[in-house]
Amino acid sequence: MPIVVVLSTGGTISSRPGHDDAVVSTDGAADLVGRTAHGDGVVVEAVDVLRTGSYNLDLAALRTIAEAVAAQLERPEVDGVVVTHGTDTLEETAFLLDLVHDDPRPVVVTGAQRSADVADGDGPRNLGDAVAVAASPHARDCGVLVAFGGTILPARGTRKMHTTAAQPFRALDAGPLGTVADGDVRITQRPERLKPLPAATAAFDDARVDVVSLYPGADAALLDAAVAAGARGVVLAATGIGNANATVVGAVRRHVDGGVVVALSSRVPEGPVQPVYGDGGGVDLVRAGA
Ligand code: ASP
């Protein structure tokens, strides 16, 4: 029988209202597994890693999760790993896990939009689906996956796009990889796999990289503040295809000259980033060293 290990980290899937009615993570891995229907043909092990809302996680916590996954993959008898996680930053953890994943076995991240105390919560179904995907030979060699709302998504490119919908995740640009329903796992598209990166070390925990968003009237203040706070890298969530303005271009030049890595991205969810425009646009940003 396939063996799947469920690693729990907290989030809505393990949350209930506390004494002041605020919802907080309370349930552990054994609670989650205990109320989830999974096929008779799978042995499910439950392991607690963290117990917190994912809005609280920092880079050290992400590394803790990555190391917990790696420890399970050291066990040859394990067929797949599931990580239960808050949905707020599920995409960051899934992406990190995928960047370092060097194994044919599936790692599947899931969570819930409705907390464990509500009668029609989505947690048990999402967890049952994730276990089915992790146990499935069809899901091998697909890297890290997100199973949520009956859909199987690639970790890379998946974003939370809705605060309350039963299916809050979308695989931007790429689309879903398949579906899962009542234990039936169908993979209709296989993701391109990149060469895995080495596992994060302790240096990862305080590698400060800030995200600076651009908008009408944006000046250099936030970029300068990020660098003053010790950022070694800054990601610009630029407008459109990757544009800023002359003031920001000047600040980018200053900080790149000072050794800061500036990555040009876009606040637009889908499509490529390309240097097309002058006058403070992407051509100027790239010339300034972004
Ligand atoms: N809304 C979140 C969740 O779905 C809270 C969190 O990210 O922990 O779990």
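Figured I'd write up the structure that's included with this text. Model, not experiment: these values are computed from the prediction. Within each chain, residues carry numbers counting from 1 in the order of the written sequence. Under the rules for a predicted model, residues below a pLDDT of 70 receive no local features and side-chain atom pairs below 80 are neither given nor counted, while totals for whole chains, interfaces and linings still include all residues. Note that water and hydrogens are dropped before the side-chain values are worked out from all heavy atoms of the structure.

### A look at the sheet that holds strand 6 (residues 107-110)
With mixed pairing, eight strands are arranged side by side in an open sheet as 4-1-5-6-7-8-11-12. Looking at strand neighbours, the two that pair on one side only are strand 4 (43-48) and strand 12 (184-187), the edges of this open sheet. Between one strand axis and the next, the sheet turns through 25 degrees on average, direction left out of account. Pairing between strands is defined by DSSP: at least two bridges between them are needed. Secondary structure elements follow DSSP: runs of H or I of four or more residues count as helices, runs of E of two or more count as strands, with numbering from the N terminus. With four bridges joining them, strand 7 (residues 144-148) and strand 8 (residues 151-154) adopt antiparallel strand pairing. Within the sheet, the bridge partner assigned to L145 lies in strand 8 and is P154. A fitted line through C-alpha atoms serves as each axis, taken over the contacting stretch for helices, and the angle formed by two N-to-C directions is quoted from 0 to 180°.

### Examining the site of the ligand
The environment of the ligand is made up of G11, T12, G53, S54, Y55, G86, T87, D88 and A112. Nitrogen and oxygen atoms within 3.5 Å of one another constitute a polar contact, given that in protein one can donate a hydrogen and the other can accept it, and given that sequence-neighbouring residues count only through two side-chain atoms. Measuring from an oxygen atom of the ligand, one finds a side-chain N or O atom of S54 at 2.5 Å. In this structure, an oxygen atom belonging to the ligand sits 3.1 Å away from a main-chain N or O atom of A112. Areas reported as accessible are Shrake-Rupley estimates using a 1.4 Å probe. Residue values count occlusion only from the protein chains shown. Here the ligand, which alone exposes 260 Å², has 87% of that area covered by the protein. Residues were grouped as follows: Ala, Val, Leu, Ile, Met, Phe, Trp, Tyr, Cys and Pro as nonpolar; Asp, Glu, Lys and Arg as charged; and all remaining residues, including Gly, as polar. The residue makeup of the shell around the ligand, split by class, is two nonpolar, six polar and one charged. A cutoff of 4 Å decides nearness: a residue is near a molecule or strand if any of its heavy atoms lies inside that distance of it.

### Some words on the packing of aromatic side chains
Aromatic rings considered in pairs are described by the distance between their centres and by the relative angle of their planes. The criterion for an aromatic pair is that two Phe, Tyr or Trp rings (for Trp, the six-membered ring) have centres within 6.5 Å, with stacked assigned to planes under 30 degrees apart, edge-to-face to planes over 60 apart and tilted to the rest. With the rule as written, the count across this model stands at one aromatic pair. Plain terms: the ring middles of F148 and F169 are 5.1 Å apart, the flat faces sit at 70 degrees to each other, and that makes the pair edge-to-face. Taken together, the residues span a long stretch of sequence, with F148 in strand 7 and F169 in strand 10 (residues 169-171) at a distance of 21 residues. Of the two residues, F148 and F169, both sit in the buried class. Partly exposed residues are those whose accessible area sits between 20% and 50% of the maximum for their type, while under 20% is buried and over 50% is exposed, using a 1.4 Å probe and protein chains only.

### What to know about the packing of helix 2 (residues 59-73) against helix 3 (residues 90-99)
In contact at an axis separation of 10 Å, helix 2 and helix 3 are set at 50 degrees when each is read in the N-to-C sense. Judged by the angle between their axes, helix 2 and helix 3 are oblique. With respect to the hand of their crossing, helix 2 and helix 3 are arranged in right-handed fashion. Residues L62, R63, I65, A66 and V69 of helix 2 touch helix 3, and the partners they reach there are E92, T93, L96 and L97. When its residues are assigned to classes, the contact of helix 2 with helix 3 shows six nonpolar, one polar and two charged. An angle below 35 degrees is treated as roughly parallel, one above 145 as roughly antiparallel, one from 65 to 115 as roughly perpendicular, and anything else as oblique. When the near helix sits turned anticlockwise from the far one by under a right angle, the crossing is termed left-handed; a clockwise turn instead gives a right-handed crossing. Residues count as neighbours in contact if any of their non-hydrogen atoms are within 4.5 Å of one another.

### Observations concerning the environment of L97
With respect to the helices and strands, the residue L97 is situated in helix 3. For L97, a relative accessible area of 4% puts it in the buried group. In sequence terms L97 and E67 are 30 residues apart; their C-alpha atoms lie 9.3 Å from each other.

### A look at the packing of helix 5 (residues 221-228) against helix 6 (residues 246-257)
Pairs of packed helices are described in terms of their axes, by the angle between the two and the distance that separates them. The contact between helix 5 and helix 6 brings their axes to 9 Å, and the two run at 20 degrees. One way to sum up the angle between helix 5 and helix 6 is to call them roughly parallel. The element helix 5 and its partner helix 6 pack so that their crossing is right-handed. Taking contact as the criterion, the partners of L223, D224 and V227 in helix 5 are, on helix 6, V248, A251, V252, R254 and H255. Classifying every residue of the contact of helix 5 with helix 6 by side-chain character gives five nonpolar, one polar and two charged.

### Some remarks on the pattern of salt bridges
Within this document, salt bridges are pairs made up of a side-chain nitrogen of Lys or Arg and a carboxyl oxygen of Asp or Glu, the two lying within 4 Å of each other. With the rule as written, the count across this model stands at 16 salt bridges. Ionic pairing is found between E270 and R170, a salt bridge with its closest N-O pair at 3.1 Å. Highlighted residues: E270 in the loop between strand 15 (261-266) and helix 7 (282-287) and R170 in strand 10, separated in sequence by 100 residues. In the salt-bridge network here, residues are joined through shared partners; they are R16, D27 and R35.

### Focus: the side chain of S8
On the secondary structure map, S8 appears in strand 1 (residues 3-8). On the basis of relative accessibility, which here comes to 1%, the residue S8 falls in the buried class. Engagement of the side chain of S8 in a polar contact is seen with the side chain of D48, the distance being 3.2 Å.

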